[in-house]
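Each chain is listed here by its residues.
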Amino acid sequence: MTFNTLTTLFCGALLAAPALAADTYVPVITPNGSTLPYELDGDVKVFHLVAEPVQREFAPGMVVNCWGYNGQTPGPTIEAVEGDHVRILVTNNLPEGTSVHWHGILLPNGMDGVSGLLQPRILPGETWAYEFTLQQHGTFMYHPHADEMTQIALGMEGFFIIHPRPTAGPTAGEPESPPADRDFAIFLAEWHIPPGAATPDTTVMTDFNTFTMNSRVFPGTDPLVVRTGQRVRIRLANLSMDSHPIHIHGYHFEQVGTDGGEIPPSARFPETTVNVPVGTTRTIEFTAGVPGDWPFHCHKSHHTMNGMAHGLPNFLGVDQEGVAAGVQQLLPDYTPMGETGMGEMAEHMAAGHMRGPDNTLPMASPGPYDPIDMGGMFTVVKVRDGLTRFDDPGWYPQPQGTSAWKVSGPERPAPAPAEHGVHEHAGHEHGAAAPPPPAPAAQPDKPAPAPPSATTYTCPMHPAVVRDAPGKCPQCGMDLVPRKP
């Protein structure tokens, strides 16, 4: 059966398309992604997806062999309007057959894209057409229904967003209330990528070690930049093997929709975390009233970590000082860790004192004050007053008197200053960033600590370790350095 014959059969089974709806919507932003363009064939919007192997940078220093669409994973976001008649051409450049299912979209049975049951597979080198009229609006997905374990696990997924009909003209519908000023779409996914490897193991069912937003991990995730006072909509989708409770700091939101449609206003309630189950979309909205850098992340603690490896010995609370000294006689570079938690390892790697395997990210990344221990399924909603452009504005400068401050405790070594002239986030350099956060205001009743009377030595990572002579840190094995007065 030829391509033209298939197209004729599919189109002949459909009702005549209504008048083309005007594109009057606020475009969706897919962070670290793109929107699929279309061409007009009369009143039909024609899109073209190409299924193919792709290489995806999850963050600077880690490139992964994936499958996707049009050179990326997730695939480009499809945007259309309720009432549109669409034709989607799908070309298969994969080494095996595939199909495309339009998840949550109401359409003729033969367009539903389940290979074997509803259509033959699209074989390598073939192009097939799907054509239907959009009868609803909301946040939906597209993905294969062919060798799902491999194809979805390698990143073959994307958003299909249908906007409501415009409020005027022959296809007029109900207006959005209130309309969104900034509209973001984030696809959640999880992967098992062995340390040092570049190809995910698609046979793993539960033991994942990499968790992504739009196939990026923090610090590779683009921030969601918003002007104070704007109405924000965030669309979340999940085709992974686990649910993901996505949490925002600093705000309450309402869940306004799922892949089953809008939630009536009377059924909405304030929340700070929305669970996104497998095979669903969730849409939330809020008004950005408070400036700042507000974390937005999965609240499963392992899902906000990079460079995870399982099956390691548990040294939490174990005194390794005597054992470490013996091991270091055979392996001088041996560094015992884990006694006080995993943050120590993250700080070592972030400071460049040790490196992990190739193509594997460190557990922490530089922050404006200390290393940021969160990675993986994590990004930042950056709300700023008076924005006229939406590039990354850099770290938020905390207004004087609004930050937490140290009240008491041992002296801390002076941290290396964070670079604020050009802030690199998500692998992109942006122009002049915000000024560095000011130091907390001095507390008037606290006397300054007296400097030591003679040279003492401390560990750069464990300032509580102080010795009168050079040596190695009993906790991590690093060389002690002169303690600054």
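Definitions and cut-offs
- Residue numbering note: each chain is counted from 1, following its sequence as written.
- Totals for whole chains, interfaces and linings use every residue, but because this is a predicted model, local features are given only for residues with pLDDT of at least 70 and side-chain atom pairs only at 80 or more, for both listing and counting.
- Remark: hydrogens and water are excluded; side-chain values derive from all non-hydrogen atoms of the structure.
- In this description a helix means any DSSP run of H or I spanning at least four residues, a strand means any run of E spanning at least two, and both kinds are numbered starting from the N terminus.
- Relative accessibility decides the category of a residue: with a 1.4 Å probe and only protein chains considered, values under 20% of the type maximum give buried, values over 50% give exposed, and everything between is partly exposed.
- We call two residues contacting when some pair of their heavy atoms lies within 4.5 Å.
- The Shrake-Rupley method, run with a 1.4 Å probe sphere, supplies the accessible areas, and residue values consider only the shown protein chains as cover.
- The convention is simple: Lys and Arg are positive, Asp and Glu are negative, and His and the chain ends are not counted.
- Between Lys or Arg on one side and Asp or Glu on the other, a salt bridge is scored when a side-chain nitrogen of the former is within 4 Å of a carboxyl oxygen of the latter.
- Being paired, for any two strands, means DSSP has found at least two bridges between them.
- Simply put, an axis is a line fit to the C-alpha atoms, just over the touching stretch for a helix, and the angle between two N-to-C directions goes from 0 to 180 degrees.
- Confidence scores per residue from the predictor, reported as pLDDT, run from 0 to 100.
- The rule is short: rings of Phe, Tyr and Trp, with Trp giving its six-membered ring, pair when the centres are within 6.5 Å, and they are stacked under 30 degrees, edge-to-face over 60, tilted in between.
- Geometrically, a lysine NZ or arginine CZ counts as sitting over a ring once it is within 6 Å of the ring centre and also within 35 degrees of the ring normal.
- Nonpolar cores were defined as sets of buried Ala, Val, Leu, Ile, Met, Phe, Trp, Tyr and Cys residues, with membership established by side-chain atoms within 4.5 Å.
- By the criterion applied in these results, polar contacts are pairs of N or O atoms within 3.5 Å in which, for protein atoms, one can donate a hydrogen and the other can accept it, and in which residues neighboring in sequence qualify only through two side-chain atoms.

**Q** Help me out: how do you make sense of the overall build of the protein chain in this one?
**A** Scanning the protein chain for helices and strands turns up 4 helices and 26 strands. Burial status across the protein chain gives 47% buried among its 485 residues. When contacts within the protein chain are restricted to residue pairs at least 6 apart in sequence, those whose partners lie at least 24 apart make up 72%. When the accessible area of the protein chain is evaluated, it comes to approximately 22,700 Å², of which 57% is carbon and sulfur surface.

**Q** Sorry, what's going on with the side chain of Glu157 here?
**A** If you trace the backbone, Glu157 turns up in the loop between helix H2 (148-151) and strand E9 (158-163). One buried charged residue, Glu157, remains without a salt bridge, the closest side chain of opposite sign being Arg56 at 9.7 Å. Every residue in contact with Glu157, bar those within four places of it in the chain, is listed here: Tyr69, Pro74, Gly75, Tyr142, His143, Ile152, Phe187, Leu188, Ala189 and Leu239.

**Q** Whenever I open this one, the pairing of E9 confuses me. Can you help?
**A** Among the 6 residues of E9, 6 are classified as buried, and the element is accordingly described as predominantly covered. Residues Gly158, Phe160 and Ile162 line one face of E9 and the alternating positions Phe159, Ile161 and His163 line the opposite face, and both faces are buried. As defined by bridge partners, strand E4 (residues 78-81) adjoins E9 across 4 bridges and the pair is classed as parallel. Within E9, the residue paired with Ile78 across the bridge is Phe160. When strand E8 (residues 138-143) meets E9, the two strands line up antiparallel, connected through 5 bridges. Across the sheet, residue Met141 finds its bridge partner in E9, namely Phe159.

**Q** Please clarify how the pattern of salt bridges should be interpreted in this entry.
**A** With the rule as written, the count across this model stands at 14 salt bridges. One salt bridge connects Asp183 with Arg233, and the closest N-O pair in it is separated by 2.9 Å. Of this pair, Asp183 sits in strand E10 (residues 182-191) while Arg233 sits in strand E13 (residues 231-238), placing them 50 residues apart in sequence. What makes Asp183 buried here is its relative accessible area of 1%. Look at Arg233 and you get buried, because its relative accessible area is 6%. Here Lys382 and Asp392 are joined by a salt bridge, their closest N and O atoms 3.0 Å apart. On the criterion of sequence distance, the pair formed by Lys382 in strand E21 (residues 378-384) and Asp392 in the loop between E21 and strand E22 (422-425) is long-range, its members being 10 residues apart. Asp392 matches Lys382 in its accessibility class, with the two residues each being buried.

**Q** What exactly am I supposed to notice about the sheet that holds E21 here?
**A** By way of backbone hydrogen bonds, the strands of a sheet pair with one another, either parallel or antiparallel. Taken together, the 5 strands give an open sheet; going across it, the order is E12-E21-E20-E14-E18, and neighbouring strands pair in mixed fashion. In the strand order of this sheet, the two ends are held by strand E12 (224-227) and strand E18 (273-276), each with one partner. Averaged over neighbouring strand pairs, the angle between their axes works out to 20° when direction is ignored. Here E12 runs beside E21; their pairing, made up of 4 bridges, is parallel. Note that in E21 the partner of Leu224 across the bridge is Val381.

**Q** Can you walk me through the confidence of the model for the protein chain in this structure?
**A** The predicted coordinates of low-pLDDT regions are not to be read in fine detail. Residues of the protein chain with pLDDT of at least 70 account for 81%, and the chain-wide mean is 85. Per-residue pLDDT stays below 50 along residues 416-438; that stretch engages in 55 contacts with residues further than four places along the chain or on separate chains. This stretch, residues 440-453, has a pLDDT under 50; its non-local contacts, to residues over four places away or in other chains, come to 9 contacts.

**Q** Hey, could you run me through the packing of aromatic side chains in this one?
**A** Where two aromatic rings form a pair, the distance of their centres and the angle of their planes describe that pair. According to the stated counting rule, one finds 12 aromatic pairs in the structure shown. Over the aromatic face of Phe390 sits the side chain of Arg182, whose NZ or CZ is 3.8 Å from the ring centroid.

**Q** Explain the nonpolar core to me, please; I cannot follow it from the model alone.
**A** A general feature of soluble globular proteins is that nonpolar side chains tend to end up buried together. The biggest cluster of nonpolar side chains holds 28 residues, and the ones touching the most others in it are Leu49, Ile78, Ile88, Trp102, Phe132 and Phe160. Secondary structure elements with two or more residues in this core: strand E2 (44-59), strand E3 (62-69), E4, strand E5 (85-92), strand E7 (127-133), E8 and E9.

**Q** Please clarify how the side chain of Ser99 should be interpreted in this entry.
**A** As for its placement among the helices and strands, Ser99 is situated in the loop between E5 and strand E6 (101-103). The class for Ser99 is buried, based on a relative accessible area of 0%. A distance of 2.7 Å separates the side chain of Ser99 from the backbone oxygen of Gly113, its partner in a polar contact. Separated by 3.2 Å, the side chain of Ser99 and the backbone nitrogen of His145 make a polar contact. When sequence neighbours within four positions are dropped, the list of residues in contact with Ser99 reads Tyr69, Gly113, Ser115, Gln119, Ile122, Tyr130, His143, Pro144, His145 and Ala146.

**Q** Please explain the sheet that holds strand E25 (residues 466-467) as it appears in this structure.
**A** Across the sheet, which stays open at both edges, the 3 strands sit in the order E25-E24-E26 with antiparallel pairing between neighbours. At either margin of the open sheet sits one strand with a lone partner, and together these are E25 and strand E26 (481-482).

**Q** Which parts of the structure should I look at to understand the pairing of E3?
**A** A regular strand places its side chains so that they alternate between the two faces of the sheet. In terms of residue burial, E3 counts as a mostly covered element, since 6 of its 8 residues are buried. Pairing geometry for E2 and E3, over 8 bridges, is antiparallel. Each residue of the ladder has a partner; that of Arg56, found in E3, is Val64.

**Q** Which parts of the structure should I look at to understand the environment of Asp373?
**A** Mapped onto the elements of the fold, Asp373 is located in the loop between helix H4 (343-350) and E21. Judged by relative accessible area, which is 40%, Asp373 ranks as partly exposed. Note: C-alpha distance between Asp373 and Asn306 (67 residues apart in sequence) is 9.0 Å.

**Q** Looking at this structure, how should I read unusual backbone geometry?
**A** Negative phi is the rule for most residues except glycine; trans is the rule for most peptide bonds. Following Thr73, the chain continues to Pro74 via a peptide bond in cis, the omega torsion being -10°. Position of Pro74 among the secondary structure elements: in the loop between E3 and E4. Of note, the amide linkage connecting Phe218 to Pro219 takes the cis form, showing an omega dihedral of 15°. Tracing the backbone shows Pro219 in the loop between strand E11 (210-213) and E12. The backbone of Asp147 shows a phi angle near 45°, a positive value even though the residue is not glycine. Tracing the chain through its elements places Asp147 in the loop between E8 and H2. On the accessibility criterion, Asp147 (24% relative accessible area) is partly exposed. The backbone of Ser215 shows a phi angle near 55°, a positive value even though the residue is not glycine.

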